[in-house]
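# Structure assessment
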Amino acid sequence: MDPQRRRGLTLGSSILATPRSFDPCMPTFFDTGSKYHTAWRRCFDDEIAGRDALSTALINNAALFRSQAQPFVDAWLATAEPHAQPAVAACVFKLIMRSLFGVTNPDDVPEGLVAAVVAFSSTLGTLGTVVPSWSHDFPLCGVTQTKYQEPARHQLAAFLLAHCSADAPRDDLKGAPFSWARMAAECDVGAPQFVQSVVDAILFAGVIGTTTLVHLSALPRLRGVNKPRWPTRVAAQAPQPSRDAYQAMYRADSTAWILEAVRLQPPVQSTGKLLPTDERCPFMRGDVTLPRGSSVVACLYYASVDKAAWGDDADAFKPGRPKERHLNWNGPFGGDAPRKCPGEQLSFELGRVMLDGWMGSKHAEVESVAA
Ligand code: HEM
């Protein structure tokens, strides 16, 4: 375990030092070089995100994953307002339960748990996650934790321990049988603590990240209601494509389209690390050396539209930019970054299957006429 929490994740430039909403085992606080993080990553990579059934579903252009996901996507598209955040979050969560934890029957996921997860990923739930630690003393932050975060965190942990566990009685098993106790022992923590750390990663990175990808980065463009981030500057420099142009570009190459939407509206906005060695800061006239152990933060939001890196048309929506330059699932520390997102392929395919469903549905057309 990494009791010193020598790593902070930052979102929207708020530094999370010791928020009470997360267990100290939450990956957010991993020191990437620590024994705990290395063991946790191995368990998560090999036994959860990389478990055999999911890896098989994701090969061959994710053909099996797509067929498994289709009934969930159809149910999502049949809801009254599929573009609304709660509907997107509920579908993302059920797909994560299906693909990561092997819960094949959507009715096995209690409605109360789905509602709690939707609340967790709402604006107020997310606020409780990203505010700096000191502001947790303000009443609003306490409320967001108890009302919007704790129910999802605790209900999901209880569900996984009761229904997705190798130790669960056969009749109680609703998903894949995970060996929580063994993974926890490998990380040198108790099973409930380990499960909670996985739950926090799933809710925070998986549900909020992927919901944001679909609901904020992508759908507003396909619906023709996207607003530029910096209205004045962007409107002057890069006129917004029309909805039909966005849809035509999506049909031409959905992979390039999603990468470009995520570049301009990153679902995870910043990433940081502790410097393993002294390093010269490239900013502030370049004459400051940051000592080893400094916490450095890269803002993906701004890095992804830096003209020096992306060219003068950095603000424009132009699918097909060099893939290796995209920062979204890696942070700026390269494809082998110690905390490179282990859910990259899953979250990409999850977003794509939902967006493909949307594009093939009446919603794309109806909105075309109505707008
Ligand atoms: C099913 C969906 C997802 C899962 C299961 C997932 C899982 C995770 C986990 C467990 C980590 C922490 C890794 C560690 O500490 O070693 C992580 C980090 C990260 N994820 Fe994901 N993620 C998902 C979706 C996304 C999405 C949609 C994005 C953005 C496009 C994203 C971007 C990132 C980034 C940038 C990091 C590194 C954060 C940092 O270094 O501070 N993830 N993810």
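These numbers were taken from a predicted model, which means no experiment stands behind them. (Residues numbered from 1 in each chain as written. Predicted model: local features only at pLDDT ≥ 70, side-chain atom pairs only at ≥ 80, totals over all residues.)

### Considerations on the overall build of the chain
Our working rule: Secondary structure elements follow DSSP: runs of H or I of four or more residues count as helices, runs of E of two or more count as strands, with numbering from the N terminus. Once C-beta atoms are placed from the backbone, each residue is buried if 20 or more other C-beta atoms lie within 10 Å of its own, exposed if 12 or fewer, and partly exposed for counts between those two. Any pair of residues counts as being in contact when their C-beta atoms, constructed from backbone geometry, are within 7 Å of one another.
Each helix and strand counted, the chain has 15 helices and 6 strands in total. Counting all 371 residues of the chain, 39% fall into the buried class. Expressed as a percentage of contacts within the chain between residues at least 6 apart in sequence, the contacts between residues at least 24 apart total 70%.

### Some remarks on the confidence of the model for the chain
Detailed reading of the predicted coordinates is not advisable wherever pLDDT is low. What counts is decided by this rule: Each residue carries a pLDDT score, the predictor's confidence in it, ranging from 0 to 100.
Taken residue by residue, the chain gives an average pLDDT of 84. The fraction at 70 or more is 81%. Note on residues 1-20: pLDDT is under 50 here. Beyond four places in sequence and across chains, it has 55 contacts.

### Section: the environment of Ala191
With respect to the helices and strands, Ala191 occurs in helix H8 (residues 191-223). With 17 C-beta atoms packed within 10 Å, Ala191 lands in the partly exposed category. Spatially, the C-alpha atoms of Ala191 and Trp180 are 5.8 Å apart, while their sequence positions differ by 11 residues. If near-sequence neighbours (up to four positions away) are discounted, Ala191 is found in contact with Trp180, Ala181 and Ala184.

### So, the packing of H8 against helix H10 (residues 243-252)
Selection criterion: The axes used here are C-alpha line fits, helices contributing only the stretch in contact, and every angle between their N-to-C directions lies in the interval 0 to 180 degrees. In what follows, roughly perpendicular refers to angles from 65 to 115 degrees, roughly parallel to angles under 35, roughly antiparallel to angles over 145, and oblique to any angle outside these ranges. Gly counts as polar in this scheme, as do all residues outside two lists: the nonpolar Ala, Val, Leu, Ile, Met, Phe, Trp, Tyr, Cys and Pro, and the charged Asp, Glu, Lys and Arg.
Running from N to C, H8 and H10 point in directions that differ by 120 degrees, and their axes come no closer than 7 Å. Taken together, the axes of H8 and H10 are oblique relative to one another. Two secondary-structure elements touch here, H8 through Arg221, Leu222 and Arg223 and H10 through Arg243, Tyr246, Gln247 and Tyr250. A per-class count over the contact of H8 with H10 returns 3 nonpolar, 1 polar and 3 charged.

### Quick look at H8
Basically, it comes down to this: Note on bend: the value at a residue is the angle between axes fitted to the seven residues ending there and to the seven starting there.
A maximum bend of about 30 degrees is found in H8 at Thr212. The buried fraction of H8 is high, at 26 of 33 residues. The positive-phi residue at the C-terminal boundary of H8 is Gly224, with phi of around 75 degrees.

### A short note on the nonpolar core
Operational definition: Any set of buried Ala, Val, Leu, Ile, Met, Phe, Trp, Tyr and Cys residues joined through C-beta atoms within 7 Å is what this text calls a nonpolar core.
Grouped together as the largest cluster of nonpolar side chains are 76 residues, with contacts concentrated most on Cys91, Val92, Phe93, Val117, Leu203, Val207 and Met354. Looking at this core, the element that brings in the most residues is H8, giving 15 residues. Excluding residues that lie within four positions of it along the chain, Val117 makes contacts with Ala89, Phe93, Ala152, Leu156, Leu203 and Val207.

### Re the environment of Gly33
With respect to the element layout, Gly33 can be found in the loop between strand E2 (14-15) and helix H1 (35-49). By C-beta crowding, Gly33 is classed as partly exposed, having 14 other C-beta atoms within 10 Å. Sequence separation between Gly33 and Pro276 is 243 residues; the distance between their C-alpha atoms is 8.7 Å.

### A word on the environment of His154
Relative to the helices and strands, His154 is located in helix H6 (residues 139-163). As for His154 and Val199, which are separated by 45 residues in sequence, their C-alpha atoms are 8.6 Å apart.

### A few points about unusual backbone geometry
Phi at Asn61 is positive, roughly 55 degrees, even though this residue is not glycine. You can see Asn61 is positioned in helix H2 (residues 52-77). Of the residues examined, Asn61 has 10 C-beta atoms within 10 Å and is grouped as exposed. Non-glycine residue Ala62 carries a positive phi angle of around 60 degrees. Checked against the element boundaries, Ala62 lands in helix H2.

### Observations concerning the packing of helix H7 (residues 180-187) against H8
Relative orientation and spacing of two packed helices are given, respectively, by the angle between their axes and the distance between those axes. Between H7 and H8, the shortest axis-to-axis distance is 8 Å and the interhelical angle comes to 90 degrees. In this view, H7 runs roughly perpendicular relative to H8, as classed from their interaxial angle. On H8, the residues that touch Trp180, Ala181, Met183, Ala184 and Cys187 of H7 are Ala191, Gln193, Phe194 and Val195. Per-class residue counts for the contact of H7 with H8 are 8 nonpolar, 1 polar and no charged.

### With respect to helix H14 (residues 344-359)
The condition that has to hold: Take the number of residues in a helix, subtract one, and multiply by 1.5 Å to get its expected span.
Helix length check: H14 (16 residues) gives 22 Å between terminal C-alpha atoms against 22 Å at 1.5 Å per residue, within 8%. If you check which residues of H14 are buried, you get Leu346, Ser347, Phe348, Leu350, Gly351, Arg352, Val353, Met354, Leu355, Gly357 and Trp358.

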